[in-house]
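Chain and residue survey
Below are the chains, spelled out letter by letter.
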Amino acid sequence: MSTRRHALLTLAAAAAASTHAREGPPDETLAFAGRRLRFAGVADGQRVLTADDDWLPVTGGFQRRAMMGRRTEPVTLAQFRQWNADAVQAWTAPQRERWRAAALAVEARVRELRLPLPDETLLVSSNGQESAGMPYTRANALVITIRTEAPRPMDVWVMAHELWHVVSRHVPALADRVYREIGFEPMPPLAWPAAWDEIRLANPDAPGNRHAMRAEVDGRRVLLTPALVASRTVLQANEPFAALFEVRLLEVQADADGRRSRAATNSDGTPRWHAIERVPAFLERSGGNTPYVIHPEETMADNVAFLLTQRPARNMDLLRRIEAVLKA
């Protein structure tokens, strides 16, 4: 072998070894609170993000267009599925270390609170294009939208918050029990109002509405469920997607057979809803620990994050009640 060829092969091997060290071993698995956390490879991440679960098919037309670069033309489900697949990326070694540290920071409290995680929870790395850069969950996977490899102060909070979503999806009966602590009771799944299909903003952590709060509105005792929609369907230049989020308290009622819930309607057939500020009881019963009240699942995830990170909260009595339910 010539000296030149040998040198080139040596350099290529060194470069490959350096890249492998940076990316880390594929599908690294950690023992975590008696279960497993696995840093998923690209193929497994794409499998999760392209699955026809209870989120992907119900995303609204505006949501898909806004996510895919402020498009004006309709976006098909197939196009949006591919957009989600293209967001998945390989973990680098520094990124693995960053999120391994975040997980280990809450492991003891996950055990103490007896959170029933599935046997395996995946960690998927995403470039964030499919979620406006926000972390979220799908199935048994935490999707971490990585903008930098450097650890950030909120990493542990993000890990705690997203772990709850995996738990509640895995054991929905537990979610029913803790939701009662913030005023929500189970209801038949909501048949989303057709009039709002275009402006619907489906949350991957809680794509459906299966809980409602009883409250008095204009002298009437009604059932209300928070619904997330876009306030308009055109984004201005440099306007963040989240600027258009609007939470409406939708009046609902169950069908006679108890299989579905539907929006109560006005005389003109439009869905009957109320602004949050018009229903003070909604915020009062939500506990006051977080402004994240777009869905009881998100309100509860923040409360569980307070418990897992042991940060003080405004309503410590609520946290004690939630902890008692989790440990029961």
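Structural data are supplied above this passage.
Residues numbered from 1 in each chain as written. Predicted model: local features only at pLDDT ≥ 70, side-chain atom pairs only at ≥ 80, totals over all residues. Heavy atoms only, no water.

1. Examining the overall build of the protein
Counting its regular elements, the protein contains 10 helices and 11 strands. Taking 20 Å as the expected radius of gyration for a compact globule of 328 residues, we find that the protein reaches 22 Å, a close match to that expectation. The principal-axis extent of the C-alpha atoms belonging to the protein is close to 90 × 50 × 35 Å. The proportion of buried residues among the 328 residues of the protein is 49%. (Helix = DSSP H or I, 4+ residues; strand = E, 2+ residues; numbered from the N terminus. Rg over C-alpha atoms; globule rule 2.2 N^0.38 Å. Buried < 20%, exposed > 50% of the residue type's maximum accessible area, 1.4 Å probe, protein only.)

2. Here's the deal with helix α7 (residues 172–179)
Looking only at α7, the buried set comprises Leu 174, Ala 175, Val 178 and Tyr 179. Looking down the long axis of α7, one finds its buried residues gathered within 130° of arc, a one-sided arrangement. Buried residues in α7 make contact with α6 (155–170), β7 (211–217), α9 (296–309) and α10 (316–327). (Arc of directions from axis to C-beta. Contact = heavy atoms within 4.5 Å.)

3. Structural notes on the sheet that holds strand β2 (residues 35–39)
Spatial strand order, β1-β2-β3-β5-β4: 5 strands in an open sheet with mixed pairing. Looking along the sheet, the strands with just one partner apiece sit at the ends: β1 (29–32) and β4 (136–138). Strand-to-strand twist across the sheet, computed as the mean angle between neighbouring axes with direction ignored, equals 25°. Docked against the sheet, helix α2 (residues 42–49) engages β2, β3 (120–126), β4 and β5 (141–145), running at close to 95° with respect to β3. Across the face of the sheet, helix α5 (residues 93–112) comes into contact with β1, β2, β3 and β5 while running at roughly 15° to β1. (Pairing = 2+ DSSP bridges. Axes fitted to C-alpha atoms, helices over the stretch in contact; angles between N-to-C directions.)

4. Focus on the packing of α9 against α10
With their axes 10 Å apart at the nearest point, α9 and α10 run at an angle of 90° to one another. Judged on the interaxial angle alone, α10 and α9 are roughly perpendicular. On the side of α9, the interface is formed by Met 300, Asn 303, Phe 306 and Leu 307, while α10 contributes Leu 318, Leu 319, Ile 322, Glu 323 and Leu 326. (Parallel < 35°, antiparallel > 145°, perpendicular 65-115°, else oblique.)

5. Quick notes on the pattern of salt bridges
In this structure the tally under the stated criterion is 26 salt bridges. When the shortest N-O distance is used, the salt bridge between Asp 53 and Arg 138 registers 2.6 Å. In this pair, Asp 53 is assigned in the loop between α2 and α3 (61–67) and Arg 138 in strand β4, connecting sequence segments 85 residues apart. Judged by its relative accessible area of 25%, Asp 53 falls in the partly exposed class. (Salt bridge = Lys/Arg side-chain N within 4 Å of Asp/Glu carboxyl O.)

6. Looking at the side chain of Ser 125
Position of Ser 125 among the secondary structure elements: in strand β3. Exposure remark for Ser 125: the relative accessible area of 1% places this residue in the buried category. The residues contacting Ser 125, other than those within four sequence positions of it, are Ala 87, Val 88, Gln 89, Ala 90, Trp 91, Gln 95, Ile 144 and Ile 146.

7. Overview of the pairing of β5
On a regular strand, each side chain points to the face opposite its neighbour's, so the side chains alternate between the two faces of the sheet. Within β5, 5 of the 5 residues are buried, which leaves the element mostly enclosed by the surrounding structure. Going residue by residue along β5, you find Ala 141, Val 143 and Thr 145 tucked away on one face and Leu 142 and Ile 144 tucked away on the opposite face as well. For β3 and β5, the ladder comprises 5 bridges, and the chain directions are parallel. Across the sheet, residue Ser 125 finds its bridge partner in β5, namely Ile 144. As judged from the 3 bridges shared by β4 and β5, these two strands associate in the antiparallel manner. Bridge pairing in β5 links Tyr 136 to Val 143. Two successive antiparallel strands, β4 and β5, enclose a turn made up of 2 residues, where Ala 139 displays a positive phi of approximately 50°.

8. Quick look at the pairing of strand β8 (residues 220–230)
Across the 11 residues of β8, 9 count as buried, placing the element largely inside the fold. When β7 meets β8, the two strands line up antiparallel, connected through 5 bridges. Paired with Met 213 across the bridge in β8 is Leu 224. Here β7 folds back onto β8 in antiparallel fashion, the turn holding 2 residues, of which Asp 218 has a positive phi close to 55°. Of the strand pairs in this sheet, β8 and strand β9 (residues 245–254) are connected by 8 bridges, and their pairing is antiparallel.

9. Looking at the side chain of Arg 248
Here Arg 248 is to be found in strand β9. Note on Arg 248: relative accessible area 11%, which makes it buried. Contacts of Arg 248, omitting those with residues within four sequence positions, involve Trp 196, Ile 199, Thr 225, Pro 226, Ala 227, Val 229, Trp 273 and His 274.

10. Observations concerning the packing of α6 against α7
Where α6 meets α7, the axes come as close as 5 Å, and the angle between the chain directions of the two elements is 110°. What the angle tells us is that α6 and α7 run roughly perpendicular. Contacts from Trp 164, Val 167, Ser 168, Arg 169 and His 170 in α6 reach Pro 172, Leu 174, Ala 175 and Val 178 in α7. Its residues assigned to classes, the contact of α6 with α7 shows 6 nonpolar, 2 polar and 1 charged. (Nonpolar A, V, L, I, M, F, W, Y, C, P; charged D, E, K, R; others polar.)

11. Things to note about the packing of aromatic side chains
Counted according to the given criterion, the structure contains 7 aromatic pairs. The interplanar angle of 50° and the centroid separation of 6.0 Å between the aromatic rings of Phe 62 and Phe 241 together place this pair among those described as tilted. Taken as a pair, Phe 62 in helix α3 and Phe 241 in the loop between β8 and β9 lie far apart in primary sequence, 179 residues in all. You can call Phe 241 buried: its relative accessible area is 10%. Note on Phe 241 and Phe 245: the rings are 5.3 Å apart at their centroids and 90° apart in plane angle, and the pair reads as edge-to-face. When its relative accessible area of 31% is taken as the criterion, Phe 245 is described as partly exposed. One aromatic cluster is present, built from ring pairs that chain together Phe 62, Phe 241 and Phe 245. Cation over ring: Arg 200 sits above Trp 192, and NZ or CZ is 4.3 Å from the ring centre. (Phe/Tyr/Trp six-rings, centres within 6.5 Å; stacked < 30°, edge-to-face > 60°. Lys NZ or Arg CZ within 6 Å of the ring centre and 35° of its normal.)

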